[in-house]
Amino acid sequence: MFSRLGRARLGRMHSHFTRMSRSFSTKSSPSNTKITIVTSGLISAPGIWWWTTAHDDVPCLEGPSVEPSVSDPTLSREEVSRVLSKDAFSYRVNSVAGVQRYDGTQLASNSPCEDAFIHGKFSSPWNDKDKWMSWGVFDGHASADGSASNEQVQHAIMRAFVDLDDSIIETAQATSQSNMSLQEKAKKLAPAYAGSCALLSLYEPLTSTLHVACTGDSRAVLGQKGADGKWKAIPLSVDQSGRNKDEIARLYKEHPGEETIVENGRVLGMMVSRAFGDSRWKWPLEFQQKMKTHFNGQAPLTPRYDVRTPPYLTAEPVVTSTKIDPSQPSFLIMATDGLWDNLSSQQGVDLVGTWLESPGTQKSKPDPTYAPFDFGDFRKGVNWRFVEERTTTQDENAAVHLVRNCLGGNHHELLAGRLAFDSPFSRNVRDDITVQVVFFNSGDRSL
């Protein structure tokens, strides 16, 4: 998780990762190498973005570093909207064919927030004059002829992810044997103990292709409107956790005879099965013990867990490539698990579909009247997840609309109650939530 790696630490490591990515074997094709360099740069410094001047307002933005702080125990409806919208953003896109607009927001629970994000455009690997777009969310626990096949792009993205993670893990090992001072070593070793999930998308306008790379349990979903007028949720990533049957099978195949790797939906205690960093699931036990003894590193996973043949986690992403049909209204939702803990993929798509097709941001009817609420009501049948009856449409930003509805919707007391806590107590009622919604073809709302 990138915030545990630390935005500041990642910023300091960014130049190293860029140099590392440029040292790839020249045996690979120049186009693939450029994709790898670009991808490595994107994921190594979330919140840091470079772009070229264009005729629209697609920005170079940093992820918000200040979390909403709510000291007043009673939140009015206006105050709830202010908190939900505090770090929201929305941009129309004029210079990249196929993309009309994207919205985003972040609502912190932890302090500092363990989520991060990026968004913007960059030069095509094939032609600097053409622009691709990228969006990414990170959940902290931190060709010459102008074309290439999807397999080539996917391979380049995978290599960038893996090479970045190798650098994090191997840099720590090299640092421990260097002539640096103890203080310098301690600072450089810390990021390897942290971890991060990553979800990155790249949009190629010339072919209308959306590439999505997922390491961890953030999720990308495509919403597409069918001929019957209904919105369909098309998964572009699959949550990689200890509850994913394919991931469990992969782990047992890689570690034969180790029957206790996955228990209670966790990989040796870790929720996700793929991640950056998290060195205790990757380093040999002997090296982990050396780090504990000499550099005050975290204790090895043993004896609590039966660790025999690390690595158990990998940063290699699963990459999908999807053709976006310009004749059908469609949009992309990318979000950390703080959103998906509260609603399903189809519910998320339906909510954005409702937002698109609403006449405006004014509520068509007043909120229903609810009985007085406290969190004990969750044990009495009040659903803590999204329910359709609590749907409300009152936000100009589609990402804020999703966050509002996943936390309570038109049930003001439930929603305000969840926002009334600062870290660390807020973690009991909501996780960090980061959402981006990208509209390829609007369907409505005059996008």
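Below: a short report on this structure. (Residues numbered from 1 in each chain as written. Predicted model: local features only at pLDDT ≥ 70, side-chain atom pairs only at ≥ 80, totals over all residues. Heavy atoms only, no water.)

## Section: the sheet that holds strand β3 (residues 115-123)
To summarise the sheet geometry, strands pair through backbone hydrogen bonds and adopt either a parallel or an antiparallel arrangement. Strand order in the open sheet formed by five strands is β3-β4-β6-β7-β13, with antiparallel pairing between adjacent strands. Looking at the sheet topology across the chains shown, the edges are occupied by β3 and β13 (318-323). In this sheet, adjacent strand axes meet at a mean angle of 15° when their direction is disregarded. As paired elements, strand β7 (residues 209-215) and β13 share six bridges and run antiparallel to each other. The residue bridging C214 from the neighbouring strand is V318, located in β13. The sheet strands contacting helix α5 (residues 150-176) are β6 (198-204), β7 and β13, and the helix crosses β7 at an angle near 30°. (Pairing = 2+ DSSP bridges. Helix = DSSP H or I, 4+ residues; strand = E, 2+ residues; numbered from the N terminus. Axes fitted to C-alpha atoms, helices over the stretch in contact; angles between N-to-C directions. Contact = heavy atoms within 4.5 Å.)

## With respect to the pattern of salt bridges
Tallied over the entire structure, the rule returns 13 salt bridges. R77 serves as the salt-bridge partner of D367, at 3.5 Å between the closest nitrogen and oxygen. Exposure remark for R77: the relative accessible area of 45% places this residue in the partly exposed category. Taking the shortest distance from any N to any O, the salt bridge between K86 and D87 comes out at 3.7 Å. By relative accessible area, K86 is classed as partly exposed at 36%. Overall, D87 belongs to the buried group, its relative accessible area being 14%. Connected through salt bridges with shared partners, the residues E247, R250, E254 and R274 form a single ionic network. (Salt bridge = Lys/Arg side-chain N within 4 Å of Asp/Glu carboxyl O. Buried < 20%, exposed > 50% of the residue type's maximum accessible area, 1.4 Å probe, protein only.)

## Side note on the side chain of H411
Mapped onto the secondary structure, H411 falls in the loop between α11 (398-407) and α12 (412-419). Given a relative accessible area of 6%, H411 falls into the buried group. For H411, the residues in contact, after removing those within four places along its chain, are Y370, F373 and R390.

## A few points about the packing of aromatic side chains
Enumeration according to the criterion identifies 17 aromatic pairs in this entry. Relative to W283, the ring of Y193 has its centre 5.4 Å away and its plane inclined at 85°; by these criteria the two rings are edge-to-face. Highlighted residues: Y193 in helix α6 (residues 182-193) and W283 in the loop between β12 (276-277) and α8 (285-295), separated in sequence by 90 residues. The two residues Y193 and W283 agree in class, both being buried. Through pairs of rings, three or more aromatic residues link up here, namely F89, Y91, Y102, F117 and W135. (Phe/Tyr/Trp six-rings, centres within 6.5 Å; stacked < 30°, edge-to-face > 60°.)

## Focus on the sheet that holds strand β15 (residues 433-441)
If you walk across this open sheet you meet the six strands as β1-β2-β15-β14-β8-β9, and the pairing is antiparallel. The sheet is open, and its two borders are formed by β1 (89-92) and β9 (231-235), each paired with just one other strand. Within the sheet, the average angular offset between the axes of one strand and its neighbour, ignoring direction, is 15°. By the bridge criterion, five bridges tie strand β8 (residues 219-225) to β9 in an arrangement that is antiparallel. Residue pairing for β9: V221 is matched across the bridge by P235. On top of the sheet, α11 reaches β2 (101-107), β14 (330-335) and β15; it is set at about 130° to β15, its chief contact.

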